[in-house]
Amino acid sequence: QQQVKQSPQSLIVQKGGISIINCAYENTAFDYFPWYQQFPGKGPALLIAIRPDVSEKKEGRFTISFNKSAKQFSLHIMDSQPGDSATYFCAAGGNTNAGKSTFGDGTTLTVKP
Amino acid sequence: DVKVTQSSRYLVKRTGEKVFLECVQDMDHENMFWYRQDPGLGLRLIYFSYDVKMKEKGDIPEGYSVSREKKERFSLILESASTNQTSMYLCASSPAGGLREQFFGPGTRLTVL
């Protein structure tokens, strides 16, 4: 049973455009929703995270929007740059089981110059 | 600078061999995780550990075992490697409680012939 569904699988955006990646979760016990960024040859690294008590979190060009009632959250990358080309994973985690997170399948973002 | 290191970046083994993947973290984290990453399947949790000598199965533990004799080291063992275990293996660690960001190593690309 896939608990976190991520879409799209791949995304191509022009430089300066907005990249949007969506995730949906099922388990209402999740209370931590991070996004990780992975460049080729590297492990994933935390990009930005949100807890369900807020509906939006912004860090620079990256924004998480969170809809608790719909059990959905999304990553928006404003003014996308070629350096943002990477694979993005959403995840959802709870307070139990060593704080483990369940990851989405990933989105490969390509930003064209 | 916090660090998770993995013993090998690339490994080639033969079917039936016993394979050890080592992971070391220098952040004094309680929690450690082993994932495998396959295209289109995201990060799938194999095993995790929340304390020395403690381990729990993740979503795909079949064919794998783990060992955590010291807090900083978490080993993944393939008792008898098979071709369907060819994959990228990622180790991660996180602190207990509070922020649940996972810190990932660079990964080991394992090929089983």
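Residues numbered from 1 in each chain as written. Chains lettered and ligands numbered in written order. Predicted model: local features only at pLDDT ≥ 70, side-chain atom pairs only at ≥ 80, totals over all residues. Heavy atoms only, no water.

(A) Here's a closer look at the pattern of salt bridges. Taken as a whole, this structure holds ten salt bridges over all chains when the rule is applied. In this structure, A:Asp84 engages A:Arg61 in a salt bridge whose closest nitrogen and oxygen atoms are separated by 2.8 Å. Separated by 23 residues along the polypeptide, A:Asp84 in the loop between strand S8 (72-77) and strand S9 (86-93) and A:Arg61 in the loop between strand S6 (56-59) and strand S7 (62-67) bring together distant segments of the chain. Taking the relative accessible area as the measure of exposure, A:Asp84 reaches 5% and is therefore buried. Classification of A:Arg61 as partly exposed rests on a relative accessible area of 27%. Among the charged side chains, a salt-bridge network with shared partners connects B:Asp28, B:Glu30 and B:Lys71. (Salt bridge = Lys/Arg side-chain N within 4 Å of Asp/Glu carboxyl O. Helix = DSSP H or I, 4+ residues; strand = E, 2+ residues; numbered from the N terminus. Buried < 20%, exposed > 50% of the residue type's maximum accessible area, 1.4 Å probe, protein only.)

(B) Region of the structure containing the state of the cysteines. All names here are of chain A. Summed over all chains, the structure comprises two disulfides over all chains. One disulfide in the model links Cys23 with Cys90; its S-S distance is 1.8 Å. Between Cys23 and Cys90 the sulfur-sulfur dihedral comes to about -95°; the bridge is accordingly left-handed. Within this pair, whereas Cys23 is found in strand S3 (residues 19-25), its partner Cys90 is found in strand S9, the two being separated by 67 residues in sequence. (Disulfide = S-S within 2.5 Å.)

(C) The arrangement of the pairing of strand S11 (residues 108-112) of chain B in detail. All names here are of chain B. Alternating positions in S11 separate cleanly, Thr108, Leu110 and Val112 being buried on one face and Arg109 and Thr111 remaining unburied on the opposite face. Sheet topology places strand S2 (residues 10-13) next to S11; four bridges connect them, and they run parallel. What sits directly across from Tyr10, in S11, is Arg109. Pairing analysis gives three bridges linking strand S9 (residues 87-94) to S11, with the strands arranged antiparallel. Among the inter-strand pairings, Ser87 is bridged to a residue of S11, identified as Leu110. (Pairing = 2+ DSSP bridges.)

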